[in-house]
Amino acid sequence: ASVNLETFVHSAMTSFYHAAIAFVGQNMGAKKYANVKKVAFNCVFLSAATGLIFSVFLFLLRIPLLSLYTDSSEVVKWATYRMLFMLPAYPLCGIMDVTSATLRTMGRSVTAMVNALLGACAFRSIWVSFIFKFLPRDIGWIYASIGMSYVIGIVLNVVFIIVRYNSLKKES
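Being a predicted model, the structure only gives us computed values, none of them experimental.

Brief notes about the overall build of the chain
Here is step 1 of the chain: Helix and strand counts for the chain come out as 7 helices and 0 strands.
Here is step 2 of the chain: When the elements of the chain are put in sequence order from the N terminus, they spell out α-α-α-α-α-α-α.
Here is step 3 of the chain: Over its C-alpha atoms, taken along the principal directions, the chain stretches across nearly 60 × 35 × 15 Å.
Here is step 4 of the chain: Here the chain, with 172 residues, has 40% of them falling under the buried criterion.

Structure representation (structure tokens):
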């Protein structure tokens, strides 16, 4: 039930991912690198703001919205627990997606892919295989790792965007 509702948040943020691909790509082709920076920043900001607004809205209306999927108080309890961890992470997910789109359209699609693999797959696998063993047995720690993996993806993407942007400015 929670995942179904969270999909609405992610879908709204995805529009800025697609906007970043279109407009960063257009400005890269036109060699308007100053516009690349503006478009990327605006898409990051709007995606994060959308994620935050939709997440707050979803959390405040969680009971009536979850009741569309179930009448079980136990399901509502666990869906709410998941939302406590996942909804604050959605703005980070939007930032990670937009920075990944920006890096791809700046000609670094392999780098963006590797960053996603390191942030999402490798970090989460390490978390579950090693770190989680030392934490209290609570699904919340698994949910928390997802938000942390978004931060790793953002940091990696931003570092490589800055490197690529600086090299493009030097070329022009």
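Regarding the state of the cysteines
Here is step 1 of the chain: Evaluation of the coordinates by the stated rule reveals 0 disulfides.
Here is step 2 of the chain: Cysteine C93 shares no disulfide, and the gap to the nearest cysteine sulfur, in C121, comes to 14 Å.

Quick notes on helix 6 (residues 109-129)
Since the α-helix advances by 3.6 residues per turn, residues separated by three or four positions end up pointing in the same direction.
Here is step 1 of the chain: Here helix 6 is 21 residues long and its end C-alpha atoms lie 29 Å apart, about the 30 Å a rise of 1.5 Å per residue gives.
Here is step 2 of the chain: At L118, helix 6 shows its largest bend, some 30°.
Here is step 3 of the chain: The set of residues buried in helix 6 consists of A112, N115, G119, F123 and W127.
Here is step 4 of the chain: Here the buried face of helix 6 lies against helix 5 (90-105) and helix 7 (139-171).

Section: the packing of helix 5 against helix 7
Here is step 1 of the chain: Remark: helix 5 packs on helix 7, axes separated minimally by 9 Å, with the N-to-C direction vectors making an angle of 30°. Looking at the two axes, helix 5 sits roughly parallel to helix 7. Here the hand of the crossing between helix 5 and helix 7 comes out left-handed. Taken together, the residues of helix 7 that come into contact with helix 5 (itself represented by L92, C93, I95, M96, T99, S100, T102 and L103) are G147, S149, Y150, V151, G153, I154, N157, V158, F160 and I161.
Here is step 2 of the chain: Residues that form the contact of helix 5 with helix 7 fall into these classes: 11 nonpolar, 7 polar and no charged.

What about the pattern of salt bridges?
Here is step 1 of the chain: One pass over the full model with this rule turns up 2 salt bridges.
Here is step 2 of the chain: The partner of R82 in a salt bridge is E6, and the shortest N-O contact between them spans 2.8 Å. Placement of R82 in helix 4 (residues 73-86) and of E6 in helix 1 (residues 2-29) is noted, with a sequence separation of 76 residues between them. Of the two residues examined, R82 and E6, each falls in the buried class.

Side note on the side chain of T70
Here is step 1 of the chain: Here T70 is to be found in the loop between helix 3 (62-66) and helix 4.
Here is step 2 of the chain: At 3.0 Å, the side chain of T70 forms a polar contact with the backbone nitrogen of S72.
Here is step 3 of the chain: Contact partners of T70, with chain neighbours within four places excluded, come to V75 and V76.

Thresholds, definitions, all that
- Residues numbered from 1 in each chain as written.
- Predicted model: local features only at pLDDT ≥ 70, side-chain atom pairs only at ≥ 80, totals over all residues.
- Heavy atoms only, no water.
- Helix = DSSP H or I, 4+ residues; strand = E, 2+ residues; numbered from the N terminus.
- Buried < 20%, exposed > 50% of the residue type's maximum accessible area, 1.4 Å probe, protein only.
- Disulfide = S-S within 2.5 Å.
- Expected span 1.5 Å × (residues − 1).
- Bend = angle between axes of the 7 residues up to and from the residue.
- Contact = heavy atoms within 4.5 Å.
- Axes fitted to C-alpha atoms, helices over the stretch in contact; angles between N-to-C directions.
- Parallel < 35°, antiparallel > 145°, perpendicular 65-115°, else oblique.
- Left-handed = near helix turned anticlockwise from the far one by under 90°.
- Nonpolar A, V, L, I, M, F, W, Y, C, P; charged D, E, K, R; others polar.
- Salt bridge = Lys/Arg side-chain N within 4 Å of Asp/Glu carboxyl O.
- Polar contact = N/O pair within 3.5 Å; in protein donor to acceptor, adjacent residues only side chain to side chain.

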